[in-house]
Amino acid sequence: MREFFHAIKRDSVLVSANADFKTTKPSYGFLTQHRLNAVLPVLPSRPHLLSDHIFSNKARPIQHPDSFEITLEMMKHDRASSPTAMETDIPEPYQKIIKFTHCDVLRNGKIIKDETLWVRGGKIVDPAALFYGAEHGPDEVIDFKGKKTLIAPGFLDLQINGFFGYDFADIPNIETSLEVVSKGLLKYGVTSFCPTLVSSPAEVYHGVLPKIAARKGKKSGHAEVLGAHIEGPFLSSQKKGAHDVDVLRSAPNGYADFIDCYGPTLEEPDSAIAIITVAPELEGLHACIKELKQRSKIVVSLGHTKSNYKDAEAAVAAGASMITHLFNAMEPFHHRDPGPVGLIGSSLQNCPVDKPFYGIITDGVHADPSSVRIAYVAHPEGCVLVTDAISAAGVDGEIFTLGTMTVRRKSEVEVVIDGTETIAGSVVTMPTCIKNLVRFTGCTLAQAINAATLHAAKCIGLEHRKGTLMPGTDADFVILDGFDEKDPSVFNIASVYVNGEKVEF
Amino acid sequence: MRLIIKDKYDDVCQYTAEYVLARINEFNPTAERPFVLGLPTGSSPIGVYKKLVQFHREGMLSFKHVITFNMDEYVHLPRDHPESYHSFMWENLFKHVDIQPQNVNILDGNAKDLEKECTEYEAKIAAVGGIELFLGGIGPDGHIAFNEPGSSLSSRTRIKTLAYETIIANSRFFGGDVNKVPKLALTVGVGTVMDAREVLVIISGAGKALALSKCIEDGVNHMWTVSAIQLHPRGMIVCDEDATLELHVKTVKYFKSIEKVHSLLTTEGSKVGLDGKVRYSEAQ
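Residues numbered from 1 in each chain as written. Chains lettered and ligands numbered in written order. Predicted model: local features only at pLDDT ≥ 70, side-chain atom pairs only at ≥ 80, totals over all residues. Heavy atoms only, no water.

Engineer: Mind showing me how you'd approach the overall build of chain A here?
Structural biologist: Assigned secondary structure in chain A consists of 13 helices and 25 strands. Expressed as a percentage of its 505 residues, the buried residues of chain A come to 56%. The long-range share in chain A, meaning contacts at least 24 apart out of those at least 6 apart in sequence, stands at 66%. Approximately 21,200 Å² of chain A is accessible, and the part contributed by carbon and sulfur atoms is 52%. (Helix = DSSP H or I, 4+ residues; strand = E, 2+ residues; numbered from the N terminus. Buried < 20%, exposed > 50% of the residue type's maximum accessible area, 1.4 Å probe, protein only. Contact = heavy atoms within 4.5 Å. Areas by Shrake-Rupley, 256 points an atom, 1.4 Å probe, with all protein chains shown as cover.)

Engineer: Would you mind showing me how to read the overall build of chain B here?
Structural biologist: Counting secondary structure elements, chain B contains 8 helices and 10 strands. Here the C-alpha atoms of chain B give a radius of gyration of 18 Å, agreeing with the 19 Å that 2.2 N^0.38 yields for 284 residues. Dimensions along the principal axes, computed over C-alpha positions, put chain B at roughly 60 × 45 × 35 Å. Out of the 284 residues in chain B, the part that is buried amounts to 58%. The contacts in chain B between residues at least 6 apart in sequence include a share of 76% that link residues at least 24 apart. As displayed, chain B offers around 12,000 Å² of accessible surface, 53% of which is attributable to carbon and sulfur atoms. Measuring between centres, the 31 positive side-chain charges of chain B sit 2 Å from its 36 negative side-chain charges. (Rg over C-alpha atoms; globule rule 2.2 N^0.38 Å. Lys, Arg positive; Asp, Glu negative; His and termini not counted. Charge placed at Lys NZ, Arg CZ, Asp CG, Glu CD.)

Engineer: What am I meant to see in the nonpolar core here?
Structural biologist: The nonpolar side chains of a soluble globular protein tend to be buried with one another. Membership of the largest hydrophobic core comes to 121 residues, with the highest contact counts inside it found for A:Leu158, A:Phe193, A:Leu209, A:Phe258, A:Tyr262, A:Leu385 and A:Ile434. In contact with A:Ile434, not counting residues within four places along its chain, are A:Phe155, A:Leu385, A:Leu445, A:Ala448, A:Ile449, A:Ala452 and A:Phe491. Core analysis: the next-biggest nonpolar cluster, separate from the first, contains 43 residues, A:Trp118, A:Phe131, B:Phe63 and B:Met89 among them. (Core = buried A, V, L, I, M, F, W, Y, C linked by side-chain atoms within 4.5 Å.)

Engineer: How do you make sense of the sheet that holds strand S22 (residues 415–417) of chain A when you look at a structure like this?
Structural biologist: Where strands meet in a sheet, backbone hydrogen bonds hold them as pairs that are either parallel or antiparallel. Residues and elements named next belong to chain A. Reading across from one edge, S20-S21-S22 is the order of the 3 strands in this open sheet, with antiparallel pairing throughout. Each having just a single partner strand, strand S20 (399–402) and S22 make up the two edges of the open sheet. Averaged over all adjacent pairs, the angle separating strand axes in this sheet is 40 degrees, with direction ignored. Of the pairings in the sheet, the one linking strand S21 (residues 405–409) to S22 comprises 3 bridges and is antiparallel in character. The residue of S22 that forms the bridge with Arg409 is Val415. (Pairing = 2+ DSSP bridges. Axes fitted to C-alpha atoms, helices over the stretch in contact; angles between N-to-C directions.)

Engineer: Is there a simple way to think about the environment of A:Gln95 in this case?
Structural biologist: Residue and element names in this part refer to chain A. Relative to the assigned elements, Gln95 resides in the loop between helix H3 (72–81) and strand S4 (97–107). Residues Gln95 and Gly121, 26 residues apart in the sequence, show an inter-C-alpha distance of 5.6 Å. Not counting residues up to four positions away in its chain, the partners in contact with Gln95 are Arg120, Gly121 and Asp139.

Engineer: What is the right way to look at the packing of helix H2 (residues 46–57) of chain B against helix H3 (residues 85–92) of chain B in this model?
Structural biologist: Think of two packed helices as two axes; the pair is described by the angle between the axes and how far apart they sit. Residue and element names in this part refer to chain B. Contact geometry of H2 with H3 gives a least axis separation of 10 Å together with a crossing angle of 40 degrees. When the interaxial angle is binned, H2 and H3 end up oblique. Residues Ile46, Tyr49 and Val53 of H2 lie in contact with H3, whose contacting residues are Phe88, Met89 and Asn92. Grouping the constituent residues of the contact of H2 with H3 by class yields 5 nonpolar, 1 polar and no charged. (Parallel < 35°, antiparallel > 145°, perpendicular 65-115°, else oblique. Nonpolar A, V, L, I, M, F, W, Y, C, P; charged D, E, K, R; others polar.)

Engineer: Can you walk me through the UniProt feature "domain: Glucosamine/galactosamine-6-phosphate isomerase" (unreviewed entry) in chain B in this structure?
Structural biologist: Mapped onto this numbering, the UniProt entry annotates "domain: Glucosamine/galactosamine-6-phosphate isomerase" (unreviewed entry) at residues 10–230 of chain B. Between the C-alpha atoms that bound residues 10–230 of chain B the distance is 25 Å, and the span itself is 33% helix and 15% strand. (UniProt positions renumbered as here; feature names shortened; annotations may be inferred.)

Engineer: Teacher, can you tell me more about the pattern of salt bridges here?
Structural biologist: Pairing between side chains becomes possible if they bear opposite charge and their charged atoms approach one another. A complete count under the given rule lists 37 salt bridges over all chains for this structure. As a salt-bridge pair, A:Asp114 and B:Arg57 come within 2.6 Å of each other at their nearest N and O atoms. In this pair, A:Asp114 sits in strand S5 (residues 110–120) while B:Arg57 sits in helix H2, so the two residues belong to two different chains. Owing to a relative accessible area of 30%, B:Arg57 belongs among the partly exposed residues under this scheme. Among the salt bridges present, the one from A:Asp126 reaches B:Arg79, with a minimum N-O distance of 4.0 Å. In this pair, A:Asp126 is assigned in the loop between strand S6 (123–125) and helix H4 (127–134) and B:Arg79 in the loop between strand S4 (72–74) and H3, connecting two distinct chains. (Salt bridge = Lys/Arg side-chain N within 4 Å of Asp/Glu carboxyl O.)

Engineer: Which parts of the structure should I look at to understand the sheet that holds strand S5 (residues 104–105) of chain B?
Structural biologist: Residues and elements named next belong to chain B. With respect to topology, 7 strands assemble into an open sheet ordered S1-S10-S9-S6-S2-S3-S5, the strand pairing being parallel. The sheet terminates laterally at strand S1 (2–6) and S5, the two strands that pair on one side only. Against the sheet, helix H4 (residues 114–127) engages strand S3 (66–70) and S5, with an angle of about 155 degrees to S3.

Engineer: Looking at this structure, I do not really get the packing of aromatic side chains. What am I missing?
Structural biologist: In this description, an aromatic ring pair is defined by two values, namely the gap between the centres and the angle between the planes. Per the stated rule, a full pass over the model turns up 27 aromatic pairs over all chains. Site record: aromatic cluster; members linked through ring pairs are A:Trp118, A:Phe131, A:Tyr132, B:Trp90 and B:Phe94. The ring of A:Phe483 has A:Lys148 lying over it, and the distance from NZ or CZ to the ring centre is 5.4 Å. One residue, B:Arg33, lies across the ring of B:Phe27, its end atom 4.1 Å from the ring centre. (Phe/Tyr/Trp six-rings, centres within 6.5 Å; stacked < 30°, edge-to-face > 60°. Lys NZ or Arg CZ within 6 Å of the ring centre and 35° of its normal.)

Engineer: Whenever I open this one, the confidence of the model for chain A confuses me. Can you help?
Structural biologist: Caution applies to low-pLDDT regions: their predicted coordinates should not be interpreted in detail. With 81% of its residues at a pLDDT of 70 or more, chain A shows a mean pLDDT of 82. Scored below 50 in pLDDT, residues 75–88 of chain A makes 18 contacts in the model with residues more than four places away or belonging to other chains. (pLDDT = per-residue confidence, 0-100.)

Engineer: I tried to follow helix H8 (residues 285–295) of chain A on my own but got confused; where do I start?
Structural biologist: One turn of the α-helix equals 3.6 residues, which is why residues spaced by three or four share an orientation. All names here are of chain A. Buried within H8 we find Leu285, Cys288, Ile289 and Leu292. Relative to the axis of H8, the buried residues are bounded by an arc of 100 degrees and lie together on one face. Residues of H8 that are buried sit in contact with helix H7 (255–262), strand S15 (273–278), strand S16 (299–302) and helix H9 (309–318). (Arc of directions from axis to C-beta.)

Engineer: What should I look at first to understand the state of the cysteines in this one?
Structural biologist: Here, the word disulfide means a covalent bond between the sulfur atoms of two cysteines. Scanning the model with the defined rule gives 0 disulfides over all chains in all. A:Cys261 takes part in no disulfide bond, and the closest cysteine sulfur to it belongs to A:Cys288, at a distance of 10 Å. (Disulfide = S-S within 2.5 Å.)

Engineer: Would you mind showing me how to read the pairing of strand S10 (residues 235–240) of chain B here?
Structural biologist: Regular strands place their side chains on alternate faces of the sheet. Residue and element names in this part refer to chain B. For S10, the tally of buried residues reaches 6 of 6 residues, placing the bulk of the element in the interior. A two-sided burial pattern is seen for S10, the buried positions comprising Gly235, Ile237 and Cys239 on one face and Met236, Val238 and Asp240 on the other. Bridge analysis of S1 against S10 gives 5 bridges, and the strand direction is parallel. The residue of S10 that forms the bridge with Arg2 is Met236. This β-α-β element, strand S9 (residues 199–203) to helix H7 (residues 209–216) to S10, shows right-handed connectivity. (Right-handed = clockwise from strand over helix to strand, strands pointing away.)

Here's what the structure looks like:
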């Protein structure tokens, strides 16, 4: 077949295959230098391809001695075997293509109405590329016809201390905790998370971080562990919250103290650590932030801090790009010195970011709805929903542990350090956070979901893999339905896909 | 040649889409006997594609056994560029319907050997038995596909240099930067289009009025390449009132009167087919 095309010279003339055969001669093929090179196929089943009378007289087209017939089959065969055909696109073993159709898709922060989503081999694929390249349709079509459905990226939770009675600070059992939590979170639509460790002595980090490193990454049927969020121990003792004051420290020796505390994983390219929360006003911290940002991609977040606005701004200039649970464990907003909260209203120049991202817990306890609204209106693109959930979340019971602390469930939504009124993490779930953000701020559901997906992914520099549903990103997504026209915050998680596989509950 | 004059663009699209629907369904395509459809890109056909998608959704139309050939594609524009005609077709038609990928043919502007790509394209058209119905739109200068003024009326699929006017006009799709607009395109020739067993051209808007008058009131002329349709045994133009601005009143009235008679004849059960030819029943 290819030889045939090579034989076609530049001066070839195609003799029409589809002229009016009633009046013209049934010649069809290529004329090269006035020689008929090929007779192109005529499908016997297409009588009007040639005029009816040719076939009715049972006459065959005149075959030139040098000619040969090209059939449709040959054309197909040629396409498949040509080097330009995307044979590399059909990997071994064959991965099936699933097409979701007649649904809305939240892609890169925007709802696209009546869209399709194509999934193959754990990734979102560009259907046009598949269509034109592999010349292959979907193996499975999931049609949501007639039912309002939204496919959104799977939620990311960048701050979660535990769940279902398991606490990540329970070091000997960390593997079990990660296993249980990463499986359990899926039903809440959370498909990746940063297990969060409260302030601990250095040896704890040395012991636990390698275990987290080992558990990092994708695993079938589990939410992905993105890396640890380490809160502390470089935190202000005056804003310790539920952290053990005895293990808090500063960094008088600069970056050496960081290495000493967290160990060698700090500088590994695929570090076990995703986020470190620090109080920037502590001795040596600015230097540490700067040094760390030069050596790794770990996100530095500001939290549990007494810092004033100037100091917080300097920390952002040094490389910090996030604020941990905004409003909590930091100086309250004051109009003459807005403290770290002021950063969300700033427009910093000569800094890596003009405004940092901020984690916010919208359980209605950690921040008043009105405060959430102020923050959201000031910097909507920086809003990252986090649960800051502890082991008390997702289970019944009254007494739980958080690191070295004992905590007590005070109400449905509130947990406190036993014997005090200090809030110790939350028991909220991500879908509730999303619903609350809609209720508190009046934003759309899509905007609220962005705060749990796109913003979080951008915050930790993972938007090439998570939170966008763009072609090439991981096929982690949730299928939402059960919307209410009167209440935009209402939705139901119909199913969850992680790595392109449907999660069975 | 038929000239169908409709009130406005929407009606043009509705009529055209219904015509395509009726033609495909009348043809009753099967895997062995597919319907071969030629397709344009550009602003004119968007409305038609919308209607076709709607018909498909309502279960009235299937593209399962439809083979398509597109008119043209830019050279050296990435396939996934939003302005590529691959992207256009995907967004406007293919992604919404049940067409099979192997049945879709669009010239590959990134092929290593562009000339071979063009020759092969012609061979592919021939291999499936030629195009049954070629839809087309035109440019303000009366070009069909990228066959700009002066193109040979017997031209085949080939590489074409774009006119400077076209490049400037298209720069609006490339962020207003003339330098980003591809300067070459692959296009089917006027001859390729005219080889189809039926050609239907959509012309809409006052901007195309002069082209329409040149196309049908003047002679066949390579400066208005779409005028080649005059020589086609089954040519049809569907236009809106705005596009008739430059036509003689007489011309408009004439074609309207013809269509009036035609519509009387082509009602269901009549002896005249969609194509205007007399139908012979089995008994005869």
